[in-house]
Amino acid sequence: MKLSVIGTGYVGLVSGVCFAELGNQVICVDKDSEKIKMLNNLEMPIYEPGLKELVQNNVQESRISFTSDIKEAVASSDVIFIAVGTPPLPNGQADLRFIEAVAASIGKYMNDYKLIVNKSTVPVGTGDFVREIVMKHQAEPVDFDIVSVPEFLREGNAIQDSMNPDRVIIGASSNKAAEIMKKLHEPFNAPVLITDVKSAEMIKYASNAFLATKISFINEIANICEKVGANVKEVAKGMGYDKRIGDKFLNAGIGYGGSCFPKDTTALVEIAASVDYDFKILKSVVDVNKKQRFKVIDSLKQIYDNLDGKKVAVLGLAFKPNTDDLREAPSINIIEELIAKNVHVKAYDPIAMNNATKIIRNTITYSSSVLEAVEGVDAIILVTEWHELIEADWFTIGNLVNKKIIIDGRNVIDSDLVESLGFIYKGIGV
Ligand SMILES: NC(=O)c1ccc[n+]([C@@H]2O[C@H](COP(=O)([O-])OP(=O)(O)OC[C@H]3O[C@@H](n4cnc5c(N)ncnc54)[C@H](O)[C@@H]3O)[C@@H](O)[C@H]2O)c1
Ligand SMILES: O=c1ccn([C@@H]2O[C@H](COP(=O)(O)OP(=O)(O)O[C@H]3O[C@H](CO)[C@@H](O)[C@H](O)[C@H]3O)[C@@H](O)[C@H]2O)c(=O)[nH]1
């Protein structure tokens, strides 16, 4: 099939190249000409394991191309994916400005039947909104369908998730559209649910909200464990054997960050509010998560009455391992709070350093390795569980620090090992 993907970010670029890999002809469009220039030079604008190789292969096979020319892309495609950002407005609602702009361009440039597929995470009812905008901008009536095919990939695992999805959700209002989508997704060999557009839009928010709820739930259990002397890792393990609960997304720590859970949970609270429904559980999930990231500072304060003038190494800046993404990363708030307490922060991340320098504006010292970051510090805070950090050489680190203190925000460091080396170890609820 001939596809266009509008928006060449984490979702658009990954989906585009995966559809190309399956043999489709794909045009990736972005209004950011710098991104397009990079991609045309085979440089990746984002870090995602395996992405560069896949893009290179598909460019070589002439199955994928990159452009800023949306007119040409719309005119020459049968299926047009929308994969632009839907960031939060100050009141928590999703900002549909980018969706609206793309819908207007599609309407303006469509010349024959198009299947318009929305992959961005959007409030329930956005399918109807897109339809209106497309029709408003058509010079003359041309037939089209709108479907919602929400994306469930995780950053850092995006190619793997896109090629092996747990399910494909197709929200369609016509059989013709549903059949085209079903055919396109057949090679993924995943269960397919064909449903209405609004239910598909809600499935995306409900899934993210449920996963976020699991995380805030286990984090509250961790906070209670700490007070009653239980170990949340053991508790989560014991709970996880129950197939109705499952062992995934029960890792306690400093909570969720990223470009999705924070904005999607608040957006769903707002969707509920717009129909006069008070989504109490989800509001608490959001609230618990906002506070949870500061647990590492509380732990530090239990060791040092006064943090003024202390040196602290913050290890890991990305919101999760295997990504360069710092959107809503706990590291940002943790560093801000440390700076407010007049702590000298030394930071290190294996991949996200470049992005961090653009986002974390405070005066901190960026280090080029774990060993450089820990030299002379009074404590280490592990924020992101990169493999390199979990497997760090704790013996050598012990010889470089000023004080042997580890605050483990992700409960991933071998506490027996580091305690045997003389460190004071503090996790979250362990
Ligand atoms: N990041 C994820 O892991 C993930 C996973 C599932 C769903 N989603 C959802 O997918 C959507 C996209 O997320 P993302 O992380 O890929 O965003 P992103 O910010 O990485 O990428 C969006 C891209 O769209 C481009 N864009 C904006 N307006 C445009 C226009 N008018 N024409 C052409 N290009 C335009 C931007 O320049 C940007 O490159 C969001 O709704 C998000 O909630 C994200
Ligand atoms: O047990 C856990 C699991 C995750 N997290 C945190 O939760 C956040 C999100 O992690 P993850 O879900 O792995 O990454 P995302 O890339 O944000 O992916 C989520 O958000 C995407 C955007 O909507 C969806 O497509 C994915 O299905 C959904 O998992 C990160 O800060 C993790 O550190 C925890 O604290 N404990």
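The name that an unreviewed UniProt entry assigns to the chain is UDP-glucose 6-dehydrogenase, with the source organism given as Metallumcola ferriviriculae. Regarding the chain, the relevant UniProt record gives this comment under Sequence similarities (unreviewed entry): "Belongs to the UDP-glucose/GDP-mannose dehydrogenase family."

Colleague: Would you mind showing me how to read the environment of R410 here?
Modeller: Residue position: R410 is located in the loop between β13 (405-408) and α19 (415-420). Measuring from C-alpha to C-alpha, the distance between R410 and V383 comes to 6.7 Å, with 27 residues separating the pair along the chain. Setting aside residues no more than four positions away along its own chain, R410 makes contact with A252, I254, G255, F319, P330, L382, V383 and E385.

Colleague: Quick question: what am I supposed to make of the packing of helix α1 (residues 10-21) against helix α3 (residues 51-60) here?
Modeller: Two measures define how a pair of helices packs: the angle their axes make with one another and the distance between the axes. Contact pair α1 / α3: the axes reach a minimum separation of 10 Å and the direction vectors enclose 50°. The pairing of α1 with α3 is recorded here as oblique in orientation. The handedness of the crossing between α1 and α3 is left-handed. Taken together, the residues of α3 that come into contact with α1 (itself represented by L13, V14, V17, C18, A20 and E21) are L51, L54, V55 and N58.

Colleague: What exactly am I supposed to notice about the state of the cysteines here?
Modeller: A covalent bond between the sulfur atoms of two cysteines is what we call a disulfide. In total, this model carries zero disulfides according to the counting rule given. Cysteine C18 is unpaired, with the sulfur of C28 as its nearest cysteine sulfur at 10 Å.

Colleague: Sorry, what's going on with the sheet that holds β13 here?
Modeller: In a beta sheet, neighbouring strands are held together by backbone hydrogen bonds and run either parallel or antiparallel to one another. Strand order across the open sheet formed by six strands is β11-β10-β9-β12-β13-β14, with parallel pairing between neighbours. The open sheet is flanked by β11 (365-366) and β14 (424-426), the only strands paired with a single partner. For strand β9 (residues 311-315) and strand β12 (residues 379-382), the ladder comprises four bridges, and the chain directions are parallel. For V312, the partnering residue across the bridge sits in β12 and is A379. Strands β9, β12, β13 and β14 of the sheet are contacted by helix α13 (residues 295-303), whose axis makes an angle of about 155° with β13.

Colleague: Looking at this model, I keep getting lost on unusual backbone geometry. Mind explaining?
Modeller: Phi is mostly negative for residues that are not glycine, and the peptide bonds are mostly trans. Positive phi outside glycine occurs at S62, with the angle close to 60°. Its location among the elements puts S62 in the loop between α3 and β3 (64-67). Unlike most non-glycine residues, F249 shows phi in positive territory, near 60°. Counting through the fold element by element, F249 comes out in the loop between α10 (232-240) and α11 (261-274). F249 sits in the partly exposed class, given a relative accessible area of 30%.

Colleague: Teacher, can you tell me more about the site of ligand 1 here?
Modeller: The environment of ligand 1 is formed by 26 residues, the closest being D30, K35, T86, E155 and K263. At 2.6 Å, a side-chain N or O of T86 approaches an oxygen atom of ligand 1. Those elements that place two or more of their residues in the shell around ligand 1 are α1 and α5 (97-109). Its residues assigned to classes, the shell around ligand 1 comprises nine nonpolar, eight polar and nine charged.

Colleague: In this structure, what is going on with the site of ligand 2? I would like to understand it.
Modeller: Taken together, 20 residues surround ligand 2, and among them F152, L153, E155, K204 and C260 come closest. Contact distances for ligand 2 include 2.7 Å between an oxygen atom and a backbone N or O atom of F152. Within the contact set of ligand 2, an oxygen atom lies 2.7 Å away from a backbone nitrogen or oxygen of E155. Burial of ligand 2 by the protein amounts to 92% of the accessible area it has alone, namely 690 Å². Of all the secondary structure elements, the ones that give two or more residues to the shell around ligand 2 are α9 (197-228) and α11. By residue number, the principal contributor to the shell around ligand 2 is α9, which donates three residues. Across the shell around ligand 2, the residue classes tally to nine nonpolar, four polar and seven charged.

Colleague: Hey, could you run me through helix α12 (residues 280-292) in this one?
Modeller: Between its first and last C-alpha, α12 extends 18 Å over 13 residues, near the 18 Å set by a 1.5 Å rise per residue. Looking at α12, one finds that the buried residues are L282, V285, V286, V288, N289 and Q292. End-on view of α12: buried residues confined to an arc of 165°, all on one side of the axis. Exposed side of α12, more than 90 degrees from the buried face: K280, K290 and K291 are the residues found there. Looking at the buried positions of α12, the neighbouring elements they touch are α9, α11 and α13.

Colleague: How should the UniProt feature "domain: UDP-glucose/GDP-mannose dehydrogenase C-terminal" (unreviewed entry) in the chain be read in this particular structure?
Modeller: UniProt's entry tags residues 313-415 with the feature "domain: UDP-glucose/GDP-mannose dehydrogenase C-terminal" (unreviewed entry), counted in the numbering of this structure. From the first C-alpha to the last, residues 313-415 spans 18 Å; its make-up is 34% helix and 17% strand.

Colleague: Quick question: what am I supposed to make of the pattern of salt bridges here?
Modeller: A pair can form between side chains of opposite charge whenever their charged atoms are brought close. According to the stated counting rule, one finds 14 salt bridges in the structure shown. The partner of K114 in a salt bridge is D112, and the shortest N-O contact between them spans 3.0 Å. The exposure class of K114 is buried, given its relative accessible area of 1%. Several salt bridges share partner residues, and in doing so they unite E155, D325 and R327 into one network.

Colleague: Explain the confidence of the model for the chain to me, please; I cannot follow it from the model alone.
Modeller: Parts of the model with low pLDDT should not have their predicted coordinates read in detail. Taken over all residues, the pLDDT of the chain has a mean of 97, while the share at 70 or more is 100%. Overall fold confidence (pTM) sits at 0.97, and the ipTM for the predicted complex is 0.99.

Colleague: Explanation requested: the packing of aromatic side chains in the structure shown.
Modeller: The relation between two aromatic rings is expressed through the spacing of the ring centres and the mutual angle of the planes. A complete count under the given rule lists five aromatic pairs for this structure. Ring centres of Y256 and F261 lie 5.8 Å apart, and the angle between their planes is 85°; this geometry places the pair in the edge-to-face category. Here Y256 and F261 have matching classes, each one buried. Members of the aromatic cluster, connected to one another through ring pairs, are F19, F81 and F188. Geometry around F152 places R167 over its ring, the cationic atom sitting 3.6 Å from the centre.

What counts and how
- Residues numbered from 1 in each chain as written.
- Chains lettered and ligands numbered in written order.
- Predicted model: local features only at pLDDT ≥ 70, side-chain atom pairs only at ≥ 80, totals over all residues.
- Heavy atoms only, no water.
- UniProt positions renumbered as here; feature names shortened; annotations may be inferred.
- Helix = DSSP H or I, 4+ residues; strand = E, 2+ residues; numbered from the N terminus.
- Contact = heavy atoms within 4.5 Å.
- Axes fitted to C-alpha atoms, helices over the stretch in contact; angles between N-to-C directions.
- Parallel < 35°, antiparallel > 145°, perpendicular 65-115°, else oblique.
- Left-handed = near helix turned anticlockwise from the far one by under 90°.
- Disulfide = S-S within 2.5 Å.
- Pairing = 2+ DSSP bridges.
- Buried < 20%, exposed > 50% of the residue type's maximum accessible area, 1.4 Å probe, protein only.
- Near = heavy atom within 4 Å.
- Polar contact = N/O pair within 3.5 Å; in protein donor to acceptor, adjacent residues only side chain to side chain.
- Nonpolar A, V, L, I, M, F, W, Y, C, P; charged D, E, K, R; others polar.
- Areas by Shrake-Rupley, 256 points an atom, 1.4 Å probe, with all protein chains shown as cover.
- Expected span 1.5 Å × (residues − 1).
- Arc of directions from axis to C-beta.
- Salt bridge = Lys/Arg side-chain N within 4 Å of Asp/Glu carboxyl O.
- pLDDT = per-residue confidence, 0-100.
- Phe/Tyr/Trp six-rings, centres within 6.5 Å; stacked < 30°, edge-to-face > 60°.
- Lys NZ or Arg CZ within 6 Å of the ring centre and 35° of its normal.

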